[in-house]
Amino acid sequence: MSESPVKVTMKGDEAARVPAYFISKHEGFVGSIKTFIEDFVVTEIDINGQQVKTGQVVQTAGCASSEENRSNAESKENLYCSGSQEADVSPDWAAGSDTPLPALGSFDLDVILGPSVSEDLEQFVMTLREKRPSGPELSLGSFSDKHQRANVHRAVRHRFPFLLTVTIQPEIRVREDPDYRELARLVREEEAEDFFRFIDAKVRGSSYTFGPDDSKEHRTAVHHFLNRRFGKLVETKSFSSQGRTSISVRLREHGKPKKRTGDDRKEEDIYTAFTLRKENLETLEAISYMAAALGVLPSDFTYAGIKDKRAVTYQSMVVKKVSSQRLKEKAGEFEKRGMRLSQIRSVGEPLKLGRLRGNHFDLVVRDLRPHRASDEHLSNADVHARLAALVKEAVENVKRRGFVNYYGSQRFGSGQSVLSDQVGLALLKEDMVSAVRLFFSPEESDDPHSLAKRHFLQTDNAKEALALMPLSKPRERLMLRALNRYGTGPDGCVQAWLSLPHSMRVFYPHAYCSRVWNDAAAHRLSTMGHGVRQGDLVWTQSGQNRTEDTGETTSPQIHVVTLEEEQAGVYSLDQVLLPMPGNSVKYPEHSMRTWYQERLAGDGLGECRFRVSSLKLNLPGCYRPLLAVPHNFSYQLRRAACSHGTKKQESGTESLSLSLNFDLDSSCYATICLREIMKCDA
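Residues numbered from 1 in each chain as written. Predicted model: local features only at pLDDT ≥ 70, side-chain atom pairs only at ≥ 80, totals over all residues. Heavy atoms only, no water.

Enquirer: Just checking my understanding: could you explain the overall build of the chain for this structure?
Expert: If you tally the helices and strands in the chain, you get 21 helices and 26 strands. In the chain, the share of contacts with a sequence separation of at least 24, taken over all contacts with a separation of at least 6, comes to 74%. Carbon and sulfur atoms make up 46% of the accessible area of the chain, which totals about 29,200 Å². (Helix = DSSP H or I, 4+ residues; strand = E, 2+ residues; numbered from the N terminus. Contact = heavy atoms within 4.5 Å. Areas by Shrake-Rupley, 256 points an atom, 1.4 Å probe, with all protein chains shown as cover.)

Structure follows, in structure tokens:
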């Protein structure tokens, strides 16, 4: 490819986060996307290369639709990620990194118990924390439904792992767990809480690692306690790493927790798969509602990838502890919330994150117009002919050359006053107070969400802000609860971030690194052109799938291009990789290395190790292809349909719409593909 890079001026935050450097020179055109919800349809492509089957929709029939895959930070979204995202190092027998704790974010006790009882529970916990009385109990009320009781038990234990929940049918009571109190005398309270969450998660073969402890006598006391109270469930072992010694605990493969009945054991082994169709809902929002209705935790749902909100989406899911019959019984209730379930069936295991080939997109761009205003004065037939030529040239270029593989605006929180990458930068600087205040930056509107944020920033009163925050905002509510409990100083802000599950915490630093990658891609093209240059990094493991059948990514064979290979044209631009910043990546061996160093130093990260120990975050970095190429591409120009009441353009010219159908690999953005085609924001 010998053409020079093309730059087009764009407006708004999109221009700051997604640079306007393109791989092709065609003129493009203007149009509207997502005019209607069904204009942006995404269907997940499974690991076998098949589109997710929709089959017969349960309860009611409906048309098939879907949306763009927006992967979060934990989802193997970068094709060649290396290393663990957990900061702790565990011994060999613990099989690598600790198992992440189940997600907290989608289970709000105000929803489960009601605001009044939830407030009583908070006061009860504060009393325990301050006075440490022995033996007090609190009644949470009566719950006649078995699944509702299970929901309460799991949610309370997960939110407050130091509490015991006891059923005296139909009443549920809580009191302090004496085992927790004893462990908290031996280790930090945060570690004791995390350990009890690990125990309650009951993931066989998983492990938990306590912080470094150089006192052999103290480690012996911890070993004795764990073996005395949990010996049938876990095994413990000390190990050394980087000159420090820690205790790691592994859940036995065949160990059973105390007081588990035969029904409990059967329930643990139930997995039900289904296809979820949702519209105008985030994936985690849909999971939160289904979990509450089914009496399970959000962490009992597994999926291959996160889907965006502003579309209709189809994706595979698996839920644990719920039979196919019970799921079918709830399908009608879910449909009222914009969710349809199909292909409900029993399976033997959960679905692993990243276990997909990509996504199929069915898109409609409406009200097509040429970029040049002078073209709009042409006759109706001439405008249509002009647009047909522009579309054909654009589509053929993208089919042949692909597009710059930028992260889309969804990655940065499109439309927010403070975008996610700014929060991530503050976290990487370990400025926890600034990160919290950026997180709570309100929009200019007066909606309840923004009013609650604004109240917190103006008053520093987390309790009052929590009362104002809508129940539909679980992240903000979790943060405010922690800030109310621990204070709004540096230590309290650390606890606020720790109240979010790991996948949510790591999203923000990943957003910052994604913005750096976007800028790096634009700089690489604008300064070095479209040829492969000496010092570029390339992927050499040809013929191998980017994701294995396990859903895990293999370490790539990274090769540095030599002068002889550049001159011989051994590699093509679609083999070039750029690193996302991290502590385990190699940088290009040419001017781009200096660019990365200067960019990070300019953001105050010149000495950054890409670890935030206080938040248990580790960013190893990864490699992302400079280009992405759509597959199975087809398109059709049509006169504007009348079914949606589409009118003629103001000029009186009858408008055209463009239907696009194509596949993209996972972590590639359809909106970015559209930008390359149209040469404008999509």
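Now, onward.
Enquirer: Help me out: how do you make sense of the packing of aromatic side chains in this one?
Expert: Given two aromatic rings, their pairing is described by the distance between the two centres and the angle made by the two planes. Counted according to the given criterion, the structure contains 26 aromatic pairs. Chaining the aromatic ring pairs together yields one cluster made of F160, F162, Y180, F195, F196, F198, Y208, F210, F225 and F230. Sitting above the plane of the F40 ring, K34 keeps its charged end 4.4 Å from the centroid. Sitting over the ring of Y407, R624 keeps its end group 3.8 Å from the ring centre. (Phe/Tyr/Trp six-rings, centres within 6.5 Å; stacked < 30°, edge-to-face > 60°. Lys NZ or Arg CZ within 6 Å of the ring centre and 35° of its normal.)

Enquirer: Sorry if this is basic, but what is going on with the sheet that holds strand 7 (residues 163–168) here?
Expert: Hydrogen bonds between backbone atoms are what pair the strands of a sheet, whose relative direction is either parallel or antiparallel. Read from one edge of the open sheet, 3 strands run 6-8-7, paired in antiparallel fashion. Each edge of the sheet is formed by a strand with only one pairing partner; in this case those strands are strand 6 (138–142) and strand 7. If you compare each strand with its neighbour and ignore which way they point, the axes differ by 25 degrees on average. Sheet contacts for helix 4 (residues 146–159): strand 6, strand 7 and strand 8 (171–176); angle to strand 7, the most-contacted strand, approximately 165 degrees. (Pairing = 2+ DSSP bridges. Axes fitted to C-alpha atoms, helices over the stretch in contact; angles between N-to-C directions.)

Enquirer: Any chance you could explain the pattern of salt bridges here in plain terms?
Expert: Pairing between side chains becomes possible if they bear opposite charge and their charged atoms approach one another. Counted under the stated rule, the structure contains 30 salt bridges. Put simply, R229 and D179 hold a salt bridge, and the shortest N to O gap is 2.8 Å. With R229 in helix 7 (residues 216–230) and D179 in helix 5 (residues 178–184), the pair connects residues that are 50 residues apart, well separated along the chain. Overall, D179 belongs to the buried group, its relative accessible area being 12%. Taking the shortest distance from any N to any O, the salt bridge between R340 and E335 comes out at 3.5 Å. Residue R340 is classed as partly exposed on the basis of its relative accessible area, which comes to 21%. The class for E335 is partly exposed, based on a relative accessible area of 22%. Bridged by salt links that share partners, the residues E193, D194, R197, R485 and K616 form one connected network. (Salt bridge = Lys/Arg side-chain N within 4 Å of Asp/Glu carboxyl O. Buried < 20%, exposed > 50% of the residue type's maximum accessible area, 1.4 Å probe, protein only.)

Enquirer: Would you explain helix 18 (residues 502–528) in this entry?
Expert: Think of an α-helix as 3.6 residues a turn; residues three or four steps apart then line up on the same face. Along its 27 residues, helix 18 runs 38 Å from first to last C-alpha, staying within 8% of the 39 Å computed at 1.5 Å per residue. Most pronounced at Y508, the bend in helix 18 amounts to some 30 degrees, and the proline P509 follows within four residues. Taken across its 27 residues, helix 18 has 23 buried, putting it largely inside the fold. (Expected span 1.5 Å × (residues − 1). Bend = angle between axes of the 7 residues up to and from the residue.)

Enquirer: In this structure, what is going on with the pairing of strand 7? I would like to understand it.
Expert: Remember that side chains alternate between the two faces of the sheet whenever the strand is regular. As paired elements, strand 7 and strand 8 share 6 bridges and run antiparallel to each other. Within strand 8, the residue paired with I168 across the bridge is E171.

Enquirer: Even after reading the chapter, I still don't get the environment of K34, so can you show me in this structure?
Expert: Along the chain, K34 turns up in the loop between strand 3 (30–33) and strand 4 (40–45). Note on K34: relative accessible area 16%, which makes it buried. In contact with K34, other than residues within four places in its own chain, are D39, F40, D308 and R310.

Enquirer: How should I be thinking about the sheet that holds strand 10 (residues 234–241) in this particular structure?
Expert: What the 3 strands build is an open sheet, ordered 9-11-10; its pairing is antiparallel. The sheet is open, and its two borders are formed by strand 9 (207–209) and strand 10, each paired with just one other strand. The average angle at which neighbouring strand axes cross in this sheet is 25 degrees, direction not considered.

Enquirer: It is not clear to me how unusual backbone geometry should be interpreted in this structure. Could you clarify?
Expert: Glycine aside, residues mostly have negative phi, and peptide bonds are mostly found in the trans state. One non-glycine residue, Q343, lies in the positive phi region at around 50 degrees. When you line up the elements, Q343 lands in strand 15 (residues 339–347). Taking relative accessible area as the criterion, Q343 reaches 31% and is therefore assigned partly exposed.

Enquirer: Sorry, what's going on with the confidence of the model for the chain here?
Expert: Caution applies to low-pLDDT parts of the model: their predicted coordinates are not meant to be read in detail. When pLDDT is averaged along the chain, the result is 80, and 80% of the positions lie at 70 or above. Residue range residues 255–265 is modelled with pLDDT below 50. Its contacts to residues more than four positions away, or to other chains, number 13 contacts. (pLDDT = per-residue confidence, 0-100.)

Enquirer: Would you take a moment to explain the environment of V395 for this structure?
Expert: Within the element layout of this structure, V395 appears in helix 11 (residues 380–401). C-alpha separation for the pair V395 and H26, spaced 369 residues apart in sequence, amounts to 9.6 Å. Among residues more than four places away in sequence, those in contact with V395 are F633, Y635 and L660.

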